Amino acid sequence: MADTSDVDDSTAPLIEHLAELRTRLIRSVIAFLIGIILAFAVAEPILQFLLGPIEETLRDLGDPSPTMQYTSPQEYLFTLFRISMVFGFALAFPVIGFQMWRFVAPGLYRQEKNAFLPFLIASPLMFFLGASFAHFVVTPLAMAFFLGFADVPSIIAGLMNGFVSPDVVPEVAVPVAPETGEGIRITFFGKVNESLDITLKFIMAFGLCFQLPVLLTLMGKAGLVSAEGLGNVRKYAMVGILVLAALVTPPDVITQGILFTVVYGLYEISIFLVARVEKKREAKLRAEGYYDDEDDLGDLPEDDAKP
């Protein structure tokens, strides 16, 4: 009869790991729900903050009263809930990241912990930096580009120029649009959810692209990539970054050019960081006596290997 002791011994740790994973996931979900509730309490000021670049652009183009609209009864509520989801996750990320760390840390050596922990801290910081760059630099430029093609001052601003009181309800002032001599007046009636969608796309795109140095440096520490290898595929990386810029940004040259310049700059920074990681690893191996310069001479021809 087969001995089942080995199976029982291997099953117990698996059950313990699954129980630990369940505990960490439950705590992460609770933190996420609390973050959603807290973010929903201030969702309207967050919405005003996110739509700030559009407001600034409209005022710069001559609209004294920037106005946006929603066209279905539930649209505004869903917009606030969407904001709550995104910013609730941002609020809960420290707790979620800590729970992830507590789950994987027992299986790591001390050196692996020292290598992994800085990247766990650097990742949200780089995302925040990318999101800030998108909101304060990219979005105003994109809005100025998009809205600059039309007669942007909203018709609401025109309505404020004159009011007439109808005969049926004399006590209520009804706004009327001013007469135009010729042509059709093209105005901007922005929808809240569509305008927010553009802003959030910029924030997510640049926030994720700013993770490139963190990802490549971590891969360099693990020995999966090298500075020389990244340098050799530089031309292919440029093509990939151009395709990425075309996919994640609206079809305007300004935004695509900014994203390409930023991401390619981050790629060059990543090569520099990976090279530093390799130098530190090489110096450590030399100090421990595991690195031998004579090994490099073995790949050379016999004549070149001679001093």
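This structure is a prediction, so every number in the text was calculated from the model and none was measured.

Definitions and limits used
Residues numbered from 1 in each chain as written. Predicted model: local features only at pLDDT ≥ 70, side-chain atom pairs only at ≥ 80, totals over all residues. Heavy atoms only, no water. Helix = DSSP H or I, 4+ residues; strand = E, 2+ residues; numbered from the N terminus. Buried < 20%, exposed > 50% of the residue type's maximum accessible area, 1.4 Å probe, protein only. Contact = heavy atoms within 4.5 Å. Areas by Shrake-Rupley, 256 points an atom, 1.4 Å probe, with all protein chains shown as cover. Expected span 1.5 Å × (residues − 1). Arc of directions from axis to C-beta. Phe/Tyr/Trp six-rings, centres within 6.5 Å; stacked < 30°, edge-to-face > 60°. Bend = angle between axes of the 7 residues up to and from the residue. pLDDT = per-residue confidence, 0-100. Patch = residues over 30% accessible without salt bridge, like charges linked within 9 Å, V, L, I, M, F, W, Y side chains within 5 Å. Salt bridge = Lys/Arg side-chain N within 4 Å of Asp/Glu carboxyl O. Lys, Arg positive; Asp, Glu negative; His and termini not counted. Charge placed at Lys NZ, Arg CZ, Asp CG, Glu CD. Core = buried A, V, L, I, M, F, W, Y, C linked by side-chain atoms within 4.5 Å.

A. Summary view of the overall build of the protein. Secondary structure assignment for the protein yields 13 helices and 4 strands. Scored against the burial criterion, the 307 residues of the protein give a buried share of 29%. Taking contacts inside the protein between residues at least 6 apart in sequence as the whole, the part at least 24 apart equals 79%. Accessible surface computed for the protein: about 19,900 Å², of which carbon and sulfur atoms make up 66%.

B. Fine view of helix α10 (residues 234–248). Taking 1.5 Å per residue, 15 residues should reach 21 Å; α10 reaches 21 Å between its end C-alpha atoms and fits that length. Ala237, Ile241 and Ala245 are the residues of α10 that are buried. On an axial view of α10, the arc spanned by its buried residues comes to 75°, and they lie on one face. Looking at α10, the residues exposed on the side facing more than 90 degrees away from the buried face are Lys235, Tyr236, Val239 and Leu247. In this fold, the buried residues of α10 make contact with α11 (253–288).

C. Quick peek at the packing of aromatic side chains. Under the counting rule described, the total for this entry stands at 7 aromatic pairs. With centroids separated by 6.0 Å and ring planes inclined at 10°, the aromatic side chains of phenylalanine 260 and tyrosine 264 adopt a geometry described as stacked. On the criterion of helical spacing, the pair formed by phenylalanine 260 and tyrosine 264 is a turn pair, its members being 4 residues apart in helix α11. Taken together, the ring pairs in this structure connect Phe32, Phe89 and Phe93 into an aromatic cluster.

D. Looking closely at helix α4 (residues 75–104). The end-to-end C-alpha distance of α4 is 41 Å, a good match for the 44 Å that 30 residues give at a rise of 1.5 Å each. At alanine 92, α4 is bent by approximately 50°, the largest bend along its length, and proline proline 94 sits one to four residues beyond. Every buried residue of α4 is accounted for by Glu75, Thr79, Leu80, Ile83, Ser84, Gly88, Ala92, Ile96, Gly97, Gln99 and Trp101.

E. Structural view of the confidence of the model for the protein. Looking at the protein as a whole, the pLDDT averages 77, with 76% of positions reaching at least 70. When mean pLDDT is taken per element in the protein, helix α2 (residues 43–50) scores highest with 91 and strand β2 (residues 163–164) scores lowest with 42. Low confidence marks residues 5–10, where pLDDT is under 50. Its contacts with residues over four positions away, or in another chain, come to 0 contacts.

F. Structural context of a nonpolar patch on the surface. Residues Leu14, Leu18, Leu21, Leu25, Phe103, Val104, Phe116 and Leu218 make up a contiguous nonpolar surface patch of roughly 630 Å² in combined accessible area. Secondary-structure elements contributing two or more residues to the nonpolar patch are α1 (5–41) and α4. Considering every element that reaches the nonpolar patch, the biggest residue donor is α1, with 4 residues. Mapped onto the elements of the fold, phenylalanine 103 is located in helix α4.

G. Up close: a positive patch on the surface. A cluster of like positive charges, contributed by Lys221, Arg276, Lys279, Lys280, Arg281 and Lys284, occupies part of the molecular surface. For the positive patch, the leading source of residues is α11, giving 5 residues. Examined against the element boundaries, lysine 279 turns out to sit in helix α11. Residue class for lysine 279 comes out exposed when judged on its relative accessible area of 62%.

H. A look at the nonpolar core. Formed by 27 residues in total, the largest nonpolar core has its most connected members in Phe206, Leu230 and Tyr267. When residues in this core are grouped by element, the largest group, 9 residues, is from α11. Dropping the residues within four chain positions of it, tyrosine 267 is found in contact with Leu212, Leu216, Leu230, Val233, Arg234, Ala237 and Ile241. Counting 16 residues, the second-largest nonpolar core is a separate cluster that includes Leu51, Ala131, Met143 and Leu147.

I. Spatial organisation of the environment of leucine 33. With respect to the secondary-structure elements, leucine 33 resides in helix α1. Residue leucine 33 is classed as partly exposed on the basis of its relative accessible area of 47%. Spatially, the C-alpha atoms of leucine 33 and glycine 88 are 7.4 Å apart, while their sequence positions differ by 55 residues.

J. Up close: the pattern of salt bridges. This model, assessed by the stated rule, comprises 6 salt bridges. Note that arginine 24 is salt-bridged to glutamate 20, the shortest N-O span being 2.7 Å. Of this pair, arginine 24 and glutamate 20 both sit in helix α1, 4 residues apart, roughly one helical turn. Measuring nitrogen to oxygen at the nearest pair gives 3.5 Å for the salt bridge that ties lysine 201 to aspartate 197. Remark: aspartate 197 and lysine 201 occur in helix α7 (residues 192–209); sequence separation between them is 4 residues, near one turn of the helix. Look at lysine 201 and you get partly exposed, because its relative accessible area is 49%. Shared partners join several salt bridges into a network, and the residues in it are Arg82, Asp197 and Lys201.

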